[in-house]
Amino acid sequence: MELAEKNWFSSWFDTPYYHILYKDRNDDEAWEFMQNLVSFLDLPKNATILDLACGKGRHSVFLNQLGYNVTGVDLSENSIRHARQFENHSLRFYTHCMCEPVDEKFDAVFNLFTSLGYFENEKDNLNSIKAIKQELKPGGYGVIDFMNVKKVIQTLVPEENKTVQGIDFEINRRFKDGYVMKDIRFTDEDIDHSYTEKVQALTLDDFQKYFQEAGIVLKHTFGNYRLERFDEQNSDRLILVFN
C-alpha cells in the first residue's frame, strides 16, 4: 500500500478524530441526493452500483436500501472495517485505491462528497477518472460530486473553533497554490494532534479536460443535491454525470 504511506489523507481519514469532527454531516440530505440521483438516472432495481471512496458507507447503505446491489470501496481500512457491519447479500465493502480500476463492471459508479483531488500526483486524478470509465458497463453512468471551488474560495472562513465530543478543534482554512487547505489542530488526552487537509481546486473546465483525455462524454451538470442547474458563482456543488 505504497500510496497510503505517502499521502496525508490515508493517515487522517483512518483516525477516529476525522469521524468525530465530521459526525454531523446531514444524513437526510444524503438520502435525498441518492433518491434524486437514481431517479434521474432511471436505474432499475437490482442495478449494480460502485460507491468509490465510500468512507464509512452511508451512501452505500442508502443505495442498498433503495434496492440496488452496491459495492463500496475506500482506501481507509478503519472506514471499511466500520462499514462491513452493514454488509448483506447485496451490499459489500473492501479496501481499494480509486486510481486503479476494480475488476468488475457496474451500471453506475458514484464518487461522492468531494472524494477526488487529494492526490499529490495530479495524474492520479486522471487515472481515477479513467478507472471509472473502465468500471462502467456499456451505457452505464459515472457521477462525480465535487465542491464548487469558486464559491468555496469566495466564502472561505479563515478561522473556526469547533467543540465536538469534548474535543476543541482549531480550524484554519486557506487557498494556496491551487489547493483548498484546512489545518486542523486539537489536543486529546494531553496529546497534541495536527493534520492538514489538501484538496485540489478543480473547476468544471478542469474536469472537462480530464474527460476529454479519458474519452468520456459529459452529459449533465448540476449545482446541488436537488439536481438544479449549476451556476459557477452560486451553486454549492459541482455534480457531473457522464459516460
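Above this text sits the structure in question.
Here's a quick rundown of the structure. Here the residue numbering is sequential within each chain, running from 1 through the sequence in written order. Confidence filtering applies because this is a predicted model: local features only for residues at pLDDT of at least 70, side-chain atom pairs given and counted only at 80 or more, and all residues used for totals across whole chains, interfaces and linings. Where side-chain values are given, they derive from all heavy atoms of the structure, hydrogens and water being excluded.

Next up on the list: the sheet that holds strand β5 (residues 136-147). Note: two strands are recorded as paired if DSSP finds a minimum of 2 bridges between them. Runs of E in the DSSP output that reach at least two residues are strands. Runs of H or I that reach at least four are helices, and both are numbered from the N terminus. Ordered in space as β3-β2-β1-β4-β5-β11-β10, the 7 strands form an open sheet in which the pairing is mixed. Where the open sheet ends on each side, the last strands, each with one partner, are β3 (91-95) and β10 (218-222). Here the average twist between neighbouring strands, direction ignored, is 15°. Alignment of strand β1 (residues 48-52) against strand β4 (residues 106-111), held across 4 bridges, turns out to be parallel. The residue bridging Leu-52 from the neighbouring strand is Asn-111, located in β4. Angles run from 0 to 180 degrees between N-to-C directions of axes, and those axes are lines fitted to C-alpha atoms, restricted for helices to the stretch in contact.

For the rest of this paragraph, the subject is the nonpolar core. Of all hydrophobic cores here, the largest spans 50 residues; its most connected members are Trp-12, Leu-116, Ile-129, Ile-144, Phe-146, Phe-169 and Phe-207. Tallying contributions element by element places helix α9 (residues 204-214) first for this core, with 5 residues. Membership of the second largest hydrophobic core comes to 29 residues, among which are Phe-33, Met-34, Ile-49 and Tyr-225. Nonpolar core, defined: a set of buried Ala, Val, Leu, Ile, Met, Phe, Trp, Tyr and Cys residues in which side-chain atoms within 4.5 Å join the residues together. Note on exposure labels: buried denotes an accessible area under 20% of the residue type's maximum, exposed denotes more than 50%, and partly exposed covers the range between, all computed with a 1.4 Å probe on protein chains only.

By definition here, a salt bridge exists when the distance from a side-chain nitrogen of Lys or Arg to a carboxyl oxygen of Asp or Glu is within 4 Å. If you walk through the whole model with that rule in mind, you get 10 salt bridges. Note that Asp-27 is salt-bridged to Arg-58, the shortest N-O span being 3.2 Å. Taken as a pair, Asp-27 in helix α4 (residues 27-41) and Arg-58 in helix α5 (residues 58-65) lie far apart in primary sequence, 31 residues in all.

Here we come to the side chain of His-96. Within the fold, His-96 resides in the loop between β3 and β4. The class for His-96 is buried, based on a relative accessible area of 15%.

So, about unusual backbone geometry. One non-glycine residue with positive phi stands out, namely Phe-113, at about 60°. Considering the arrangement of structural elements, one finds Phe-113 in the loop between β4 and α7 (123-135). With a relative accessible area of 29%, Phe-113 lands in the partly exposed category. A positive phi angle, close to 50°, is found at Thr-114, a residue other than glycine. Given a relative accessible area of 10%, Thr-114 falls into the buried group.

Turning our attention to the packing of aromatic side chains. The criterion for an aromatic pair is that two Phe, Tyr or Trp rings (for Trp, the six-membered ring) have centres within 6.5 Å, with stacked assigned to planes under 30 degrees apart, edge-to-face to planes over 60 apart and tilted to the rest. Counted under the stated rule, the structure contains 12 aromatic pairs. For the pair Trp-12 and Tyr-18, a centre-to-centre distance of 5.6 Å together with 85° between the ring planes defines the contact as edge-to-face. By relative accessible area, which is 0% here, Trp-12 ends up buried. A ring is scored as having a charge over it whenever the NZ atom of a lysine or the CZ atom of an arginine sits within 6 Å of its centre and within 35 degrees of its normal. The ring of Tyr-179 has Lys-198 lying over it, and the distance from NZ or CZ to the ring centre is 4.5 Å. For the cation-ring pair, Arg-237 lies above Phe-113, with the distance from its terminal atom to the ring centre recorded as 5.7 Å.

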